[in-house]
Amino acid sequence: MEKYIGARGVIDKKKKFIMPCLGHFYSDPPEFVRGQMQYLFDDAGKKYLDLYAGVSVINCGHCNPFITEKIIAQIQQLQHVCNIYLTENFVNLAEKLAEVTPGDLQKSFFCSTGTEANEGALLLATVYTHSSEFIALQNGLHGRTKLTMSLTGIGMWRTDPNPVGGIHFAPNPYCYRCPLGKKFPECDLECANKIETVIQTSTSGRPAALIAEPIQGNAGIVVPPKNYFKRVKEILEKYGALLIDDEVQTGFARTGKMFAIENFDVTPDIMSVAKALGNGQPISAFISTAKIADTYTRPGASTLGGNPVSSTAGLAVLEFIAKNNLGENAKVRGAQLKAGLETLQKKYPILGDVRGIGLMVGAEFVHADKTPAAKELDEVLEVLKDRGFIVGKGGVGRNVMAFQPPLVITEQNVDDVLNALDLVLAQKEYFS
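In this report, the structure presented in the accompanying data block is examined.

Rules of the game
- Residues numbered from 1 in each chain as written.
- Predicted model: local features only at pLDDT ≥ 70, side-chain atom pairs only at ≥ 80, totals over all residues.
- Heavy atoms only, no water.
- Helix = DSSP H or I, 4+ residues; strand = E, 2+ residues; numbered from the N terminus.
- Rg over C-alpha atoms; globule rule 2.2 N^0.38 Å.
- Buried < 20%, exposed > 50% of the residue type's maximum accessible area, 1.4 Å probe, protein only.
- Contact = heavy atoms within 4.5 Å.
- Areas by Shrake-Rupley, 256 points an atom, 1.4 Å probe, with all protein chains shown as cover.
- Lys, Arg positive; Asp, Glu negative; His and termini not counted.
- Charge placed at Lys NZ, Arg CZ, Asp CG, Glu CD.
- Disulfide = S-S within 2.5 Å.
- Pairing = 2+ DSSP bridges.
- Polar contact = N/O pair within 3.5 Å; in protein donor to acceptor, adjacent residues only side chain to side chain.
- Salt bridge = Lys/Arg side-chain N within 4 Å of Asp/Glu carboxyl O.
- Axes fitted to C-alpha atoms, helices over the stretch in contact; angles between N-to-C directions.
- Parallel < 35°, antiparallel > 145°, perpendicular 65-115°, else oblique.
- Left-handed = near helix turned anticlockwise from the far one by under 90°.

Observations concerning the overall build of the protein chain
Right, on to step 1. Regarding its fold elements, the protein chain presents 13 helices and 15 strands.
Right, on to step 2. In terms of overall size, the protein chain behaves like a compact globule, its C-alpha atoms giving a radius of gyration of 21 Å where 432 residues would be expected to give roughly 22 Å.
Right, on to step 3. Projected onto its principal axes, the C-alpha positions of the protein chain cover 60 × 55 × 45 Å.
Right, on to step 4. The buried share among the 432 residues of the protein chain stands at 55%.
Right, on to step 5. Residue pairs in contact within the protein chain that sit at least 24 positions apart in sequence constitute 73% of those at least 6 positions apart.
Right, on to step 6. Only carbon and sulfur atoms are counted for the fraction: they give 54% of the accessible area of the protein chain, which is about 18,800 Å².
Right, on to step 7. Averaging the positions of the 44 positive and the 46 negative side-chain charges in the protein chain gives two centres separated by 3 Å.

As for the environment of G240
Right, on to step 1. By the element assignment, G240 lies in the loop between α8 (228-238) and β8 (242-246).
Right, on to step 2. With a relative accessible area of 48%, G240 lands in the partly exposed category.
Right, on to step 3. When the C-alpha positions of G240 and E213 are compared, they lie 20 Å apart, and in sequence the two are 27 residues distant.
Right, on to step 4. Setting aside anything within four residues of it in sequence, one finds G240 in contact with T129 and P207.

Thoughts on the state of the cysteines
Right, on to step 1. Under the definition given, this model contains 0 disulfides.
Right, on to step 2. Its sulfur unpaired, C60 is 13 Å from the next cysteine sulfur, which belongs to C63.
Right, on to step 3. The thiol sulfur of C175 is not disulfide-bonded, and the nearest other cysteine sulfur, from C187, lies at 6.3 Å.

Quick notes on the pairing of strand β1 (residues 32-36)
Right, on to step 1. In this structure, β1 lies alongside strand β2 (residues 39-42), joined through 4 bridges in antiparallel fashion. Directly across from Q36, in β2, lies its bridge partner Y39.
Right, on to step 2. Joining the antiparallel neighbours β1 and β2 is a turn of 2 residues, in which M37 adopts a positive phi near 55 degrees.

Overview of the side chain of S56
Right, on to step 1. As for its position among the elements, S56 is in helix α2 (residues 53-56).
Right, on to step 2. Within the local environment of S56, its side chain forms a polar contact with the backbone oxygen of Q249, the two atoms lying 3.2 Å apart.
Right, on to step 3. The residues touching S56, leaving out its near neighbours within four places in the chain, are Q249, R254, K275, A276 and Q404.

Overview of the pattern of salt bridges
Right, on to step 1. Applying the stated criterion across every chain, the model contains 19 salt bridges.
Right, on to step 2. With its nearest N and O atoms 2.7 Å apart, the salt bridge here joins D294 to K107. Here D294, found in the loop between α9 (290-293) and α10 (308-323), pairs with K107, found in strand β4 (residues 107-111); they are 187 residues apart in sequence, far enough to count as distant.
Right, on to step 3. Among the salt bridges present, the one from E364 reaches R177, with a minimum N-O distance of 2.6 Å. Taken together, the residues E364 in strand β12 (residues 360-365) and R177 in the loop between β6 (167-170) and α7 (190-202) connect sequence positions 187 residues apart.
Right, on to step 4. What makes R177 partly exposed here is its relative accessible area of 25%.

Some details on the packing of helix α12 (residues 374-386) against helix α13 (residues 411-425)
Right, on to step 1. Following both chains from N to C, one finds α12 and α13 inclined at 125 degrees, their axes separated by 10 Å at the closest point. One way to sum up the angle between α12 and α13 is to call them oblique. The two elements α12 and α13 cross, and the hand of that crossing is right-handed. Residues V380, V383 and L384 of α12 form the contact with α13, whose participating residues are A420, L421, V424 and L425.

Right under this line is the structure:
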């Protein structure tokens, strides 16, 4: 076995050479050195079932042979010339994206990260509408640059002391902890209606766009009611504003549909994608209709955006998803996972809410008074890790167990993690 410095060695070097803003999971973290589809392996050879997929990145599995072989062949042929020169892969990928995205979304601009894609989507909205005001949702997360961080509605990720102006926040559709203190469906989607109030009272009356994740990932897998986005789109169209759909975490079959917004029967004006598009290769894009996209005529480029290798990965990802019907597997395995968590919820009051679509599922840990049980969740995640299961966490209170696994997981994999969670929760100390 190749010699590795181990977790302790990585942490020591990290303290010395990496900026302290970057934390890590677990009090006793492993060093991961190898991946194989839905599994990870540490430097000691221990095997883990990955139920987080690098935060919704590895939808097609770690080191997927079908994708990896195509990437290697491309690297050996042509790696990079910049997209100011002609290569074929990125236009072929744009064509494929136009085929699988909803409605008449047609034209793409490629970059490298989800943050870049969101920045580009916001720029395009400004160019098209001639407005620079934006609306975002509370508890949303859209990136790490100044503008996308300013549009992020989670305090721990708004580290810029001087956020951009012209940004207004609307209540998010978080039914378990409604920010308006209402109950669905009696509320008549008041959280959506508030967007019109925000436009009328906090903006010039003509904002460029509202940006939203169809399912809020870092907020704790917050799923809107079915008709929420229909109401939102109606309001935005009334004021000439666009809907930007941030599919960075939710895209590429994770929810059973190719894109999560399709679960809500709405077509956005602009969509941003990243993460799973490259299955580990850095690639992202923002995509829009020809009418909107064709207003972006002044020079624009991204040095590494849509390079031959990343574009090859994107093409291979779309082919693998289609050939292996990953959307259907996400739907079936997600229903199995959600049903299993709901069964555990009846046994363990610490599971206050279970929610999600497809293989994007959250279980919110709470105390008896519904306050976030973040410490208890951390303890559960640590024990699950020791048992060979990697599960994520999110939520403003850092109290939501997040399941976003590779979409290749099996029925047995889901049963295994549910059984492990049952055993861990049965330990009395998690309820004290």
